[in-house]
Each structure stands twice: as structure tokens, then as C-alpha cells.
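Spelled out, the chains give:
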Amino acid sequence: MSEAAMITATRAPAAEARPGATRQLPWAAVVLGAVLVLLPWVAGGYWTFTLGLCFANAIALLAVSFMVRYGGEVSIGHGVFVAVGAYVVAMGEKYLGLSLLASLPFAAVAGALLGLVFAYPSRNLSGIYLAVATMALALALPEVLLYFSKVTGGYEGLYVKRDALPGMSRELQRYYLPLAGLVIVVLVLRQFRRSRQAMALLLIRTSAPAAESFGVRRSWARLSCMALSAAIAAIGGALLSFSSSTVSPNSFTLWTSIFLLVGSVVSLYSLSFIGSFIGALFLTLMPLLLAGAGDWVPILYGGALLAVVLGVNALPASLRKRLEGGHA
């Protein structure tokens, strides 16, 4: 690949992210924002609670999608990083008396550090080998949490009961804070897509030898992708623990990581608000809707997943592009 072609390839995502139409907020985004802000005042407590979980799960899905888009790799262990964020918040409250807002930065840093610790020895793995390595990480997590049960609370887990904002009911806090967190993460990722670092990651994913000729090292890309993705997942876990008010080993099994991957597939690995929210709705609501189906649950779940993926791919290309993270 020629130098001119490589420069064009790295500039393409940035140019795509800066069309003139995106400088104005789409009316659909305005309507959706107004509906989500006003929803707790007209909906019942059940939907307020459930959508709060959806917003937190959407952030975790963004972490998986980020790894796929910029690292070109699939992770089956991101539930571990979600658990790190959740337990940092829970233990911060129990042992230090910290609220969510005080412990959230520590959760993000802890997730990033764990991502680096995992990524460094596995920096030369890719494809199915990396997927299996992340799966092993997810399999070991519940046993690790139980081994340190004196700190983590064991099977019973820990509770998150401290208010984050004074003067607002806990029910509203557990809705609006995950919603605000999702909006902030999406906006940060939108800015990141326009950065040189994002271009470098996309370049090395496209052609590692060509990227290294430009001074971009593959090992740097793997470490930075995993650290950023793990930090986002930890933020989602922190907000998830606050919304659900409890954390336990049963909440972070291998199936947690698998469902996160399924949700990211449903969202088409989206880095947008709407795309990640659709994936989170599927991830959060589908198990609830199928709870009474008994032995039919795997069949119905697989059928619903297939229907959603095929339905989204049947949408017009322009709309599908927006869902995938172009602009919404």
C-alpha cells in the first residue's frame, strides 16, 4: 500500500465524522433526549429501574464494540472489567464511605490498569487465541471473588446504598446518572474518533506492517485498546452497581461476558447512543421477557437474536450506518 493510500485511509474516518450535517443536532436526537429525560416522571418505578440498567449496560457494550472497532479483536471476558468497576464502587462505599461520584474515577483507573495487566502478556495473541484467553479470565473471576470473600462479601456480595446526589430521590438518581454517564461516554468516543490516536489504531488494524513503517507499534495499539476498552467497561460496571444497588459473584459469570458480546453484535458494534441503547435493550429486556418460557428459552433467545441482526441488516444503508456509530 502506498504512502498516499495510507494517509487517505487514516483520514477517511475523521472526514466521515465531520460532515456538515452533523454540526447540528438531529431532530430525532432532540426528541429522543426529551423523551428519556421526561420518562421517569410519567413511567412507573419498574421502567425507571429497568432503563437505568439499560443505560449502564449500554456503556459496557460500548467497551466491547470499541475493542472490535479499533482493536479488531473479540473479547469474551469483558464482564471481568465490568465487575472491577462494580466492586470498586461497592467496596469504596463499604470501607471508605465514598459515594458513586467519588469512586467512579477510581473504578475507571482500576479497569484500565487491569486491562494493561492482561494485555501485556497477551499482546501477541489475536483472533480465537485472544478470545479464549479472555474467556479464561471470565471463568476465573467468580472463584477469585469467592476466594477473597472477606473483602468482596462472598456469595452474598455487597450493597450500594449511598446516595450520589443530595436532594434527589434514589430512584431518579439510579436513572439519570447512568443516562448521563452514557451520554458522556458517547461524546468522548465521538471526539476520540477524530483524534490522531484513533487514526493510528485504525491504521494498524488495517495493515500492521504499513503502520509500523509510520512508527505505530502493534504492541502499543493492543495495550492502548485494551486499557481504554477496560476503563469504559469499568465505568459501566460502576454505574450498573449503583443502579442495581448490589454486586455479587453470580452477577459476573462467563455468561455475563457472552451476553455483552451478544448485545454488541445486536448493536452492530455501535459507538453511538442509539445503537448501543438498542443493544442494551435486547441484553436487559430479552431475558425478562423469556423468563417464563422454560426449556424454550435458548431457542427463543437465539431466534430473537437472529431476527434482530437480520432485521437491522435489512435497513437502508444510510440508517444502518448511523446505528453503527456514524452520527447518532
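Predicted model only: the values in this text are computed from it and were never measured. (Residues numbered from 1 in each chain as written. Predicted model: local features only at pLDDT ≥ 70, side-chain atom pairs only at ≥ 80, totals over all residues. Heavy atoms only, no water.)

Peer 1: Would you mind showing me how to read the overall build of the chain here?
Peer 2: If you tally the helices and strands in the chain, you get 15 helices and two strands. With 328 residues in all, the chain has 48% of them scored as buried. In the chain, of all internal contacts separated by at least 6 residues, the share reaching a separation of at least 24 is 81%. Per element, the accessible surface of the chain, about 15,800 Å² overall, is 68% carbon and sulfur. (Helix = DSSP H or I, 4+ residues; strand = E, 2+ residues; numbered from the N terminus. Buried < 20%, exposed > 50% of the residue type's maximum accessible area, 1.4 Å probe, protein only. Contact = heavy atoms within 4.5 Å. Areas by Shrake-Rupley, 256 points an atom, 1.4 Å probe, with all protein chains shown as cover.)

Peer 1: Quick question: what am I supposed to make of the pattern of salt bridges here?
Peer 2: A pair can form between side chains of opposite charge whenever their charged atoms are brought close. With the rule as written, the count across this model stands at one salt bridge. Across the pair R170 and D163 runs a salt bridge whose closest N-O atoms are separated by 2.9 Å. Judged by relative accessible area, which is 36%, R170 ranks as partly exposed. Taking the relative accessible area as the measure of exposure, D163 reaches 34% and is therefore partly exposed. (Salt bridge = Lys/Arg side-chain N within 4 Å of Asp/Glu carboxyl O.)

Peer 1: Could you clarify how one ought to interpret the nonpolar core in this entry?
Peer 2: Across soluble globular proteins, nonpolar side chains show a tendency to be buried alongside one another. With 75 residues, the main nonpolar core has F55, L62, Y70, L100, L182 and F252 as its most contacted residues. A per-element tally of this core places helix α3 (residues 45-71) first, with 15 residues. (Core = buried A, V, L, I, M, F, W, Y, C linked by side-chain atoms within 4.5 Å.)

Peer 1: Can you help me understand helix α5 (residues 100-119) in this one?
Peer 2: For an α-helix, 3.6 residues make a turn, and residues three or four places apart therefore share a direction. Across its 20 residues, α5 extends 27 Å between first and last C-alpha, which sits within 8% of the 28 Å expected from 1.5 Å per residue. When α5 is considered as a whole, its buried residues turn out to be L100, S103, A107, A108, G111, A112, G115, F118 and A119. (Expected span 1.5 Å × (residues − 1).)

Peer 1: Where do I start with unusual backbone geometry in this structure?
Peer 2: Note on backbone geometry: most residues besides glycine have negative phi, and most peptide bonds are trans. With phi around 70°, S245 is a residue other than glycine that occupies positive phi space. Considering the arrangement of structural elements, one finds S245 in the loop between α11 (218-244) and β2 (246-247). The phi dihedral of Y269 is positive, around 55°, even though this residue is not glycine. Judged by its relative accessible area of 24%, Y269 is partly exposed.

Peer 1: Mind showing me how you'd approach a nonpolar patch on the surface here?
Peer 2: There is a patch of nonpolar side chains on the surface, built from Y95, L96, V144, Y147, F148 and V151 and spanning about 670 Å² of accessible area. Sorting the residues of the nonpolar patch by element identifies α4 (78-96) and α6 (128-147) as the ones contributing at least two each. Counting through the fold element by element, Y147 comes out in helix α6. (Patch = residues over 30% accessible without salt bridge, like charges linked within 9 Å, V, L, I, M, F, W, Y side chains within 5 Å.)

Peer 1: Please clarify how the packing of aromatic side chains should be interpreted in this entry.
Peer 2: One pair of aromatic rings is described through two measures. These are the centre distance and the angle between the planes. Going through the model one piece at a time under the given rule, you end up with 11 aromatic pairs. An angle of 80° between the planes, with centres 5.5 Å apart, marks the rings of Y46 and W47 as edge-to-face. A relative accessible area of 49% means that Y46 is categorised as partly exposed. Since its relative accessible area comes to 42%, W47 is described here as partly exposed. Taken together, the ring pairs connect F55, Y175, Y176, F273 and F277 into an aromatic cluster. (Phe/Tyr/Trp six-rings, centres within 6.5 Å; stacked < 30°, edge-to-face > 60°.)

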